[in-house]
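Chain by chain, the residues:
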Amino acid sequence: MCSSDLIGWLRLEGQRHNLYDNELGVALMVVAHIILLATFVWWNSFLLLGLDTRRKQAELQLQELTLTDDLTGLRNRRGFLLLTEQELKLARNKRTGIGLWLIYADLDGLKQINDRLGHELGSRAIVQTAEVLKTTFRETDIIARLGGDEFVVLAVSNEVDSGGIMLARLEANLCDFNRRESLAYELSLSAGAMQVDPEKISSIEAVLREADQAMYEHKRSKQIGRASCRERV
């Protein structure tokens, strides 16, 4: 029942009980109308507030979806660039001296996995790589899948050889995974790391290109026929 229906009902009830025939009755009906209208105003405000809250939640969820990789749950390229730019601005403004490192990684042999074992296992290898990255880096680090077999991490560390330490930890976690899972393929990453100076870089895209080059140098330097993680002592 809408507000006009209730007001009409209230008016009829007042007439039926002869409340409009004396001053007290009229006063009571006026008060009743005011209370009724105030109640409807409050209720409508409550509903609008609820709708506005749900709308904002839906917008946040939609924004989160546009920043997240569907397959792995990591940030996608758009999400990584957006969050990294915010991190760089924060570092510039506060001048905290926090050490930032960019790790660029490429999943080795994804095409071979797809061709030999099928795309379903290829997708599973991508998801497993994402899990290894989550294990290796902290929740506060920005981990993303740029697309295909390419991953990137913006990590915070002030250690002297942070890049080398993080790459060694990543390699160790990959080996642990391969020994533990005994799958038809091994996860292997070619990765490069470089320190990021917020005051000197022109854009995060430029840093990505440099880290990408470092990754390819690592890929080229890998020894052919090297022992697998499962064969290492």
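Computed from a predicted structure; not experimentally measured.

Colleague: Got a minute to help me understand the packing of helix α5 (residues 119-136) against helix α6 (residues 162-181) in this structure?
Modeller: For any two helices packed against each other, the geometry comes down to the angle between their axes and how far apart the axes lie. For the pair α5 and α6, the least separation of the axes is 10 Å and the interaxial angle reads 130°. The angle between α5 and α6 places the two elements in the oblique class. In the packing of α5 onto α6, the handedness of the crossing is right-handed. Mapping the contact onto sequence places Gln 128, Val 132, Leu 133, Thr 135 and Thr 136 in α5 and Met 166, Arg 169, Leu 170, Asn 173, Leu 174 and Phe 177 in α6. Class assignment of the residues belonging to the contact of α5 with α6 gives a composition of 6 nonpolar, 4 polar and 1 charged.

Colleague: Just checking my understanding: could you explain the sheet that holds strand β4 (residues 189-196) for this structure?
Modeller: By way of backbone hydrogen bonds, the strands of a sheet pair with one another, either parallel or antiparallel. Ordered by their spatial adjacency, 4 strands build an open sheet running β2-β3-β1-β4, and the pairing between neighbours is antiparallel. Edge positions in the sheet fall to β2 (142-147) and β4, since each of these pairs with one other strand and no more. Neighbour to neighbour, the strand axes of the sheet diverge by 20° on average, direction disregarded. Sheet analysis places strand β1 (residues 100-107) next to strand β3 (residues 150-156), joined by 7 bridges and oriented antiparallel. The residue bridging Leu 102 from the neighbouring strand is Leu 154, located in β3. In this fold α5 packs onto β1, β2, β3 and β4, with an angle of close to 10° to the strand it touches most, β3. Where α6 meets the sheet, it contacts β1, β3 and β4, and its direction lies at approximately 155° from that of β4.

About the thresholds
Residues numbered from 1 in each chain as written. Predicted model: local features only at pLDDT ≥ 70, side-chain atom pairs only at ≥ 80, totals over all residues. Heavy atoms only, no water. Axes fitted to C-alpha atoms, helices over the stretch in contact; angles between N-to-C directions. Helix = DSSP H or I, 4+ residues; strand = E, 2+ residues; numbered from the N terminus. Parallel < 35°, antiparallel > 145°, perpendicular 65-115°, else oblique. Left-handed = near helix turned anticlockwise from the far one by under 90°. Contact = heavy atoms within 4.5 Å. Nonpolar A, V, L, I, M, F, W, Y, C, P; charged D, E, K, R; others polar. Pairing = 2+ DSSP bridges.

Purely geometric numbers; function is a separate question.
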